[in-house]
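# Notes for the structure review
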Amino acid sequence: MTTTKTAPGIADTLAAEWTKLRSVRSTWIVVTAAAVAGVGFSVLFSFLTAADYRSLPAGQKAGFDAAGTSMVGMNLGLILMSVLGALAVAGEYSTGMMRLTLAVTPHRGRVLLAKAAVVGVLSFLLGTLFAAVAFGVGQLVLGVNPDVPTLGLGGPGVLRSVLGWGVETAAFALLALSFGVLMRSAAGAIATAIGFIFAPAILGALLPVWVRRDILAYFPASAAEQLSTAQLKTDAVTYLGPLTGGGVLLTWVAVALVVAFSLMGKRDSG
Amino acid sequence: MITARDLTKRYGSTTAVRGLSFDVEPGVVTGFLGPNGAGKSTTMRMVLGLDAPSGGSVTVGGQAYRDLPAPMREVGALLDAKAVQGARTAYRHLQWVARAGGIPRKRVDEVLDTAGLTEVAGKKVGTFSLGMYQRLGIATALLGDPPTLLFDEPVNGLDPEGIVWIRTLMQDLAAEGRTVFVSSHLMNEMEATAAHVIVIGRGELVADLPIAEITRRSARSHVHVVSPRAGELAEALERAGGKVTKREDGSLAVAGMDAPKIGDIALARRLGLHELTPVRASLEAAFMDLTKDSAQYRSPSGAPRALAPEGTE
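For the structure given in this document, a descriptive report is provided here. (Residues numbered from 1 in each chain as written. Chains lettered and ligands numbered in written order. Predicted model: local features only at pLDDT ≥ 70, side-chain atom pairs only at ≥ 80, totals over all residues. Heavy atoms only, no water.)

### Some remarks on the packing of aromatic side chains
One pair of aromatic rings is described through two measures. These are the centre distance and the angle between the planes. Selection rule: Two rings from Phe, Tyr or Trp (for Trp, the six-membered ring) form a pair when their centres are within 6.5 Å of each other. A pair whose planes differ by under 30 degrees is stacked, one over 60 is edge-to-face, and the rest are tilted. Partly exposed describes any residue whose relative accessible area lies between the buried limit of under 20% and the exposed limit of over 50%, with all areas from a 1.4 Å probe on protein chains only and scaled to the type maximum. Note on criteria: charge over ring means Lys NZ or Arg CZ within 6 Å of the ring centre, with the direction from the centre no more than 35 degrees off the ring normal.
Going through the model one piece at a time under the given rule, you end up with nine aromatic pairs over all chains. On the numbers, 6.4 Å between centres and 75 degrees between planes, the contact of phenylalanine 128 of chain B with tyrosine 133 of chain B is edge-to-face. For the pair shown, phenylalanine 128 of chain B and tyrosine 133 of chain B are each scored as buried. Put simply, the rings of Phe179, Phe196, Phe219 and Trp252 of chain A touch in pairs and so form one group of aromatic residues. The positively charged end of lysine 20 of chain A is found above the aromatic ring belonging to tryptophan 96 of chain B, 4.0 Å away from the centroid. Of note, lysine 61 of chain A hangs over the ring of tyrosine 53 of chain A, and the distance from its end group to the ring centre comes to 5.8 Å.

This is the structure we're talking about:
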């Protein structure tokens, strides 16, 4: 029964969500796994490419994508970071702790916003960091073979690609977080996020060109590719360009978060 | 002060809480009784703004919970002690709650001490026993030092020492002038803790009375009478309006009449009395009566029910 009653604000909710995220070991296990997969697999792929460069087909050598080769593992890192997004909310639903969260902060929009901000910023920073490390180490490894053309950070599209991986990682973590709110289950949210990541690549080969051009190109994974690929394939049917691709990706994230917000606001016990 | 007015909650075609109106006053422990499934937890979730009422309203200190600017400083609640992520240490758990509620960090150490968890503060919650979960839940509820406290089944899983601890704690909190609202299906526990009880059955209000009143009104409260001339006394008492049951050992169980009146009648008839003992029904028994036949207390003029032969509490 204290006399000073200061109302907690968004800064307090952000601090609480950050405390939650960093105080469970699973967060750091997932981050470590994402680093190992994102950087480690990229470096391994760079090493194999450098060792086997001579036997690559002439066409591939001519348009050799040094940046893409050195960051190829980021596709795996991305999946692991989206697991983090799903866990950040689904873990609270499965244990029932969401009720405590919402009793402490009845402003549900603020809770969702704080969770999204914490997960989004962390996954953007880590995604960018992992991509930068993968690129740096990958170029060194590729450079061991003097025949392989390597790039610096100033190379064409490289900086956009590194930052693009950060954006793509954050976007998928936030999509998984939204799915976590929608389904209140970590497994369901992770499965759906992975489905969204791989759907264009898997379905693309089977579907007619117009479906790929008019529908699949606007799926989050193909839109994100426009940001994270240094060497853009302007002749590909799914080509949108970095700006359009980035806009499409952000629209997906915004729509998913708005749906999550409206559901969370309406549901009993969040 | 918690105020419910015509509070109703429907889930599809089933009604969990129906037209519930009550006030929970500060300064005493108020028990919230009802069999499992009566709607106690649903009501508590509505008090906390977690579930939206289908009709009616409930306020804390005159405001709807969701409108409270600093809810943790107004209301502390323990709903389900096990609804906590086990991967965090007790300290980190309390720390995030304190941060979210705008509570200074030093309160974390204070409530850990109050709940007797200081030694295990660095342990993962997942390793806790049910009793320790309950203590952590109570520590969480106390973080904001709130004038209103809600506890849903707080003694579940506590050892006898823990039960005494929480009973004393709740009474101390009420003595400090706080509103303390405690649900339970364990009637005897409430008897030792609460001064007032709100009883619900099938989502409806059954009774809202001081605890003494409930047991006094119970049909199972009676006077145990032993007389060498029991037959004559029974006749006289029945003529005077008492409800007399003869026991196998020759004693009488008299309902509907208090001990002084029985003594006066015996004296007037010059009938000796060897024992004259008022037997108050336990809250447990009174509660069974209430929830079995909730209509009885809404029409107190109704005839008292027959005394069960084995009904000696």
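### With respect to a nonpolar patch on the surface
All names here are of chain A. Note the following rule: Distance thresholds for patches are 9 Å for like charges and 5 Å for nonpolar side chains (Val, Leu, Ile, Met, Phe, Trp, Tyr), applied to residues having over 30% relative accessible area and no salt bridge. Values of accessible area rely on a 1.4 Å probe in the Shrake-Rupley scheme; residue burial ignores everything except the protein chains shown. Any carboxyl oxygen of Asp or Glu within 4 Å of a side-chain nitrogen of Lys or Arg constitutes a salt bridge here. The secondary structure listing takes helices from DSSP runs of H or I that are at least 4 residues long and strands from runs of E that are at least 2 residues long, numbered from the N terminus.
A contiguous nonpolar patch, built from Phe41, Leu44, Phe47, Leu48 and Leu76 and spanning about 470 Å² of accessible area, is present on the exposed surface. The leading source of residues in the nonpolar patch is helix 2 (residues 25-51), at four residues. Mapped onto the elements of the fold, leucine 44 is located in helix 2. Here leucine 44 falls in the partly exposed class, since its relative accessible area comes to 45%.

### Comments concerning the interface of chain A and chain B
Selection rule: Any two residues whose heavy atoms approach within 4.5 Å at even a single point are treated as in contact. The buried area of a pairing is the accessible area, by a 1.4 Å probe, that goes missing from both parts when the two are put together, added over both. Any N or O atom pair separated by 3.5 Å or less is treated as a polar contact, with the protein-specific requirement of one donor-capable and one acceptor-capable atom, and with residues adjacent in sequence counted only for side-chain atom pairs.
Chain A puts 33 residues into the contact, and the matching count from chain B is 39 residues. Carbon and sulfur atoms make up 58% of the area that chain A and chain B hide from each other, which totals about 3,100 Å². There are two salt bridges connecting chain A and chain B. Between arginine 99 of chain A and aspartate 80 of chain B there is a salt bridge, and its shortest N-O distance comes to 3.9 Å. Linking chain A to chain B there are nine residue pairs in polar contact (both at pLDDT 80 or more).

### Brief notes about the sheet that holds strand 1 (residues 2-11) of chain B
All names here are of chain B. Basically, it comes down to this: Strands are treated as partners if at least two bridges between them are detected by DSSP. Lines fitted to the C-alpha atoms define the axes, with helices restricted to the stretch that makes contact. Angles between their N-to-C directions range from 0 to 180 degrees.
Strand order in the open sheet formed by three strands is 2-1-4, with antiparallel pairing between adjacent strands. Unpaired on one side and paired on the other, strand 2 (14-24) and strand 4 (55-60) mark the two borders of the sheet. Across this sheet, the average inter-strand angle for adjacent strands is 20 degrees, counted without regard to direction. The strands touched by helix 1 (residues 40-47) within the sheet are strand 1, strand 2 and strand 4, with strand 1 carrying the most contacts at an inclination of about 115 degrees.

### Quick notes on the environment of isoleucine 163 of chain B
All names here are of chain B. One can find isoleucine 163 in helix 6 (residues 160-175). Given a relative accessible area of 21%, isoleucine 163 falls into the partly exposed group. Not counting chain neighbours up to four residues away, the residues in contact with isoleucine 163 comprise Val155, Leu158 and Glu189.

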